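# Architecture and fold: a report
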Amino acid sequence: GMWLKPQSVVLHTVTQDGSGQTIRLGENANQLADDPLVVLVNENSASASEILAGALQDNRRAQLLGSQTFGKGKIQSVFELGQGGSGGALFVTVAKYQTPSHRNIDSVGIAPDKMCGYDVQSASFAGTDVFTADIQTDPCVVEAERVLGDFSQA
């Protein structure tokens, strides 16, 4: 509950038959900060980070900057096969996650409020296949600083 108010909806779970559960913060949740918040997301943001990003966005608590997230929103049960799992395992999807405003996460991801990021064609790979970025010039960091600066001047 660090960034959200008590009783805020964090997520919904929805099963195949349409039933589900709403997960809220407790009434005694302690919101530690009410300052402006910007969250950077990209295609590597998955699962729990998408749930948090969606909760912050839907509760109008943070602005998301970056690119579409990965889209991992399945809840799976694991069934071991054979004695002690020696025959492998079976993963069965039993439900899916949705944001507080009931947006699906799985296979869709979370769209940021504003797109930003490196143009991969012109990005620096420093002679390797590994992308290297200077945080001082990262377009999303620069945009986040601008957004937060706008809040402080308001």
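Right, let's walk through the structure included here. Note that this is a predicted model, so its numbers are computed, not measured.

Further remarks concern unusual backbone geometry. With phi around 60°, Ser47 is a residue other than glycine that occupies positive phi space. With phi around 65°, Ser107 is a residue other than glycine that occupies positive phi space. Of note, Ser107 is situated in the loop between strand 6 (89-98) and strand 7 (114-115). Classification of Ser107 as exposed rests on a relative accessible area of 63%.

Our next topic: the environment of Ile105. The topology assignment puts Ile105 in the loop between strand 6 and strand 7. Taking the C-alpha atoms as reference points, Ile105 and Leu64, 41 residues apart in sequence, are found 15 Å from one another. Ignoring anything within four residues of it in the chain, the contact list for Ile105 reads Glu50, Ile51, Gly71, Lys72, Gly73, Tyr97, Thr99 and Ile110.

This part covers the pattern of salt bridges. A complete count under the given rule lists five salt bridges for this structure. A salt bridge links Lys74 to Asp106, with the shortest nitrogen-to-oxygen separation between them at 3.7 Å. One end of the pair, Lys74, is in strand 5 (residues 74-80); the other, Asp106, is in the loop between strand 6 and strand 7, and 32 residues separate them in sequence. Taking the shortest distance from any N to any O, the salt bridge between Glu143 and Arg146 comes out at 2.6 Å. Of this pair, Glu143 and Arg146 both sit in helix 2 (residues 139-153), three residues apart, which is roughly one turn of that helix. What makes Glu143 buried here is its relative accessible area of 12%. Under the relative-accessibility criterion, Arg146 is labelled partly exposed at 41%. Shared partners join several salt bridges into a network, and the residues in it are Lys114, Glu143, Arg146 and Asp150.

Right, let's get into the state of the cysteines. Per the counting criterion, the structure on display carries one disulfide. Each disulfide pairs two cysteine sulfurs, and for Cys116 the partner residue is Cys140, the sulfurs being separated by 2.2 Å. Residues Cys116 and Cys140 share a disulfide whose torsion about the S-S bond is about 120°; that sign makes it right-handed. Of this pair, Cys116 sits in the loop between strand 7 and helix 2 while Cys140 sits in helix 2; the two residues are 24 residues apart in sequence, bridging distant segments of the chain. Across the pair, Cys140 and Cys116 agree in class, each one buried.

Criteria and thresholds
Residues numbered from 1 in each chain as written. Predicted model: local features only at pLDDT ≥ 70, side-chain atom pairs only at ≥ 80, totals over all residues. Heavy atoms only, no water. Helix = DSSP H or I, 4+ residues; strand = E, 2+ residues; numbered from the N terminus. Buried < 20%, exposed > 50% of the residue type's maximum accessible area, 1.4 Å probe, protein only. Contact = heavy atoms within 4.5 Å. Salt bridge = Lys/Arg side-chain N within 4 Å of Asp/Glu carboxyl O. Disulfide = S-S within 2.5 Å.

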